Amino acid sequence: MATRLTKGGLALAGLCFSALPALAASHPVHPAAAAAPDALVAQLDTVIQQGIAAARAVQGHELTIGSQFRAVSDADGQLDAKQHALDDARRQAASLLAALERYVHTPRLAALLAVQSPIDRLRSGMLMAAAVPALSERAHMLIAELQRLETLKDAALARQDNLTRDRQALGTMRQRVDQLDTKREDLRRQLLGDDADSDPRSLKQGTVAVDLPDLIQRGDAEAEIRERERHSRAALAKNQSATDPTRPKSPKTFDKAATLTVPIAGPVVQRFGQDNEIGAPAQGVTLAGIGDAAVVAPFDGQVDYIGPFRGYGTILIIDHGGGYHSVVAGLGRVDAKIGEWVVAGEPIGTLPDAAKAPGTASAGNSVTLYFELRQDGRPVDPQLSLADQGGGQANDQRTKDHRVTE
């Protein structure tokens, strides 16, 4: 990972670096971290890979459920439309039938003495003669429509049953992801000790940063300080490696040809550059997913910041090196920590529960995730349109930068 200290953090780094000996003395090293056993590192790597596989399976199931839910919603809409049309046809037929019934029960003498010309009587008779077969035909059409409506209702119920079963299976799969996350956190704590916790200084950056580029810069500066403190403690401790034992052995290098992993399973609902709700060009992409959907890291890197920030809600920033950062916003639960290393596809949190997510005005149980990719603080198009996962419209525009895969 390239040097992360930026101009905005030089003063802060200088102040903190002068206090490193005191910090190191007051920050004891966990016994397991001192040795950094190869066995623990191997276990952590295995658990991470298992978590990636489990998250991939969960997202595949979530994608299926999202498609099923949209199909159920569409079917419900069709049923409602057909029911309204059928109700209108019934009312028209009932009115015509009532008119015919009144005519049939009108005494002949009263009909003959009615104030009508012979032409009017003839016309009334012709209309009634024509209405009877038309009414019969309408009745047969209504019967056929009723049968089709019943068939649609049966199909909708079958889809709903399938959706319920798939949701139950998804719950079991999500439990597996949570179990692996708990195991991963336990192994990290054994390797890092107190360093496994998020740095309180970094948590405060969201309250002082003036904008997102400033927050990214401050996060990089804090990461550099943490790394220097680690080296200082290692220098004071015997048999202590300065290298973070949880850092991936061979993290992927981010460049213009890097392939991103889509953070959630779901279609793109707003693309980079499209006007957002305030009429400004979107600096990222918005994806729709089901409630509590798994969110995964789009690329290898280190978490710089987690927390609320202005209008973004809860965001997570990952430094990928080379000046590239991912910004993931709209999380309901975060399973990563500041300073933690993540790899592409590794679960880092979940979307909110659809029933509790404010402002998610989309179909039924759908909630959204906002994703930005920035280079040196400037937003760039991640081209998530290349990862059309169903329900989104394919984009024929292609660039050579930031290819995205499902």
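Residues numbered from 1 in each chain as written. Predicted model: local features only at pLDDT ≥ 70, side-chain atom pairs only at ≥ 80, totals over all residues. Heavy atoms only, no water.

Asker: Is there a simple way to explain the overall build of the protein in this structure?
Answerer: The helix and strand inventory of the protein stands at 9 helices and 13 strands. Across the 406 residues in the protein, those meeting the buried criterion constitute 42%. When contacts within the protein are restricted to residue pairs at least 6 apart in sequence, long-range pairs at least 24 apart make up 73% of them. In the form shown here, the protein has an accessible surface area of approximately 21,300 Å², with 56% of it arising from carbon and sulfur atoms. (Helix = DSSP H or I, 4+ residues; strand = E, 2+ residues; numbered from the N terminus. Buried < 20%, exposed > 50% of the residue type's maximum accessible area, 1.4 Å probe, protein only. Contact = heavy atoms within 4.5 Å. Areas by Shrake-Rupley, 256 points an atom, 1.4 Å probe, with all protein chains shown as cover.)

Asker: It is not clear to me how the side chain of Gln205 should be interpreted in this structure. Could you clarify?
Answerer: Residue placement: Gln205 occurs in helix α8 (residues 205-208). Owing to a relative accessible area of 8%, Gln205 belongs among the buried residues under this scheme.

Asker: Looking at this model, I keep getting lost on empty space enclosed by the protein. Mind explaining?
Answerer: Where empty space is left in the structure can be found by rolling a water-sized probe over the atoms. Counted according to the given criterion, the structure contains 3 cavities of 30 Å³ or more. Taken as a whole, the second largest cavity encloses approximately 70 Å³ of empty space. Lining the second largest cavity, in full, are Val47, Ile48, Gly51, Ile52, Val177, Leu180, Asp181, Arg184, Glu346 and Pro347. Elements represented by at least two residues in the lining of the second largest cavity include exactly α4 (38-104) and α6 (118-192). For the lining of the second largest cavity, the per-class residue count stands at 6 nonpolar, 1 polar and 3 charged. (1 Å grid on protein atoms, 1.4 Å probe; cavity = no way out; pocket = protein on both sides within 12 Å on 5 of 7 lines; lining within 4 Å. Points joined across faces, edges and corners; volume = space filled by probe spheres on them. Nonpolar A, V, L, I, M, F, W, Y, C, P; charged D, E, K, R; others polar.)

Asker: I would appreciate a short explanation of the pairing of strand β11 (residues 366-375) in the present structure.
Answerer: Along any regular strand the residues' side chains alternate between the sheet's two faces. Along β11, 8 of the 10 residues are buried, which leaves the element largely enclosed by surrounding structure. Here 6 bridges tie strand β3 (residues 285-290) to β11, and the two strands are oriented antiparallel to one another. Of the residues in β11, the one forming a bridge with Leu287 is Leu369. Where strand β7 (residues 324-329) meets β11, 6 bridges bridge the pair, whose relative direction is antiparallel. Its bridge partner lying in β11, Tyr324 is registered against Gln375. The pairing of β11 with strand β12 (residues 378-380) spans 3 bridges and is classified as antiparallel. Among the inter-strand pairings, Leu373 is bridged to a residue of β12, identified as Val380. Adjacent in sequence and paired antiparallel, β11 and β12 are bridged by 2 residues, among which Asp376 carries a positive phi angle near 55°. (Pairing = 2+ DSSP bridges.)

Asker: Just to check I follow, could you spell out the nonpolar core for this structure?
Answerer: Considering soluble globular proteins, one finds that nonpolar side chains tend to be buried as a cluster. Grouped together as the largest cluster of nonpolar side chains are 49 residues, with contacts concentrated most on Leu287, Val295, Leu316, Ile348 and Leu369. For this core, the secondary structure elements donating two or more residues are α4, α6, β3, β4 (294-296), β5 (301-308), β6 (314-321), β7 and β11. Per element, the largest residue contribution to this core is 10 residues, and it comes from α4. In this structure, Ala209, Leu215, Ile216 and Tyr305 belong to the second largest nonpolar core, which totals 11 residues. (Core = buried A, V, L, I, M, F, W, Y, C linked by side-chain atoms within 4.5 Å.)

Asker: Teacher, can you tell me more about unusual backbone geometry here?
Answerer: Generally, phi is negative for residues other than glycine and the peptide bonds are trans, each holding for most cases. Non-glycine residue Arg310 carries a positive phi angle of around 45°. Relative to the helices and strands, Arg310 resides in the loop between β5 and β6. Looking at Arg310, the relative accessible area reads 58%, which means it is exposed. If you check the backbone angles, Asp376 has positive phi at about 55° while not being a glycine. Looking at the element boundaries, Asp376 is found in the loop between β11 and β12. For Asp376, a relative accessible area of 53% corresponds to the exposed category.

Asker: What exactly am I supposed to notice about the pattern of salt bridges here?
Answerer: Applying the stated criterion across every chain yields a total of 14 salt bridges. Of the charged contacts, one joins Glu346 and Arg184 as a salt bridge, the two residues approaching to 3.6 Å between their closest N and O atoms. In this pair, Glu346 sits in the loop between β9 (341-342) and β10 (347-350) while Arg184 sits in helix α6, placing the two residues 162 residues apart along the sequence. In this structure, Glu346 and Arg184 share a single accessibility class: buried. (Salt bridge = Lys/Arg side-chain N within 4 Å of Asp/Glu carboxyl O.)

Asker: How should I be thinking about the packing of aromatic side chains in this particular structure?
Answerer: One pair of aromatic rings is described through two measures. These are the centre distance and the angle between the planes. Following the criterion strictly, the structure yields 4 aromatic pairs and no others. Geometrically, the ring pair formed by Phe254 and Tyr324 is tilted, given 4.4 Å between the ring centres and 40° between the ring planes. Of this pair, Phe254 sits in the loop between α9 (212-236) and β1 (259-261) while Tyr324 sits in strand β7; the two residues are 70 residues apart in sequence, bridging distant segments of the chain. The exposure class assigned to Phe254 is buried, which follows from its relative accessible area of 5%. Given the relative accessible area of 3%, Tyr324 is considered buried. Here Tyr312 and Tyr370 contribute two aromatic rings whose centre-to-centre distance is 6.2 Å and whose plane-to-plane angle is 50°, an arrangement assigned as tilted. Here Tyr370 lies in strand β11 and Tyr312 lies in the loop between β5 and β6, a separation of 58 residues in the sequence. We classify Tyr312 as partly exposed; its relative accessible area is 25%. Counting every residue linked through ring pairs, the aromatic cluster contains Phe254, Phe299 and Tyr324. The side chain of Arg247 reaches across the aromatic face of Trp341, ending 4.9 Å from its centre. (Phe/Tyr/Trp six-rings, centres within 6.5 Å; stacked < 30°, edge-to-face > 60°. Lys NZ or Arg CZ within 6 Å of the ring centre and 35° of its normal.)

That is the geometry; function is a separate question.
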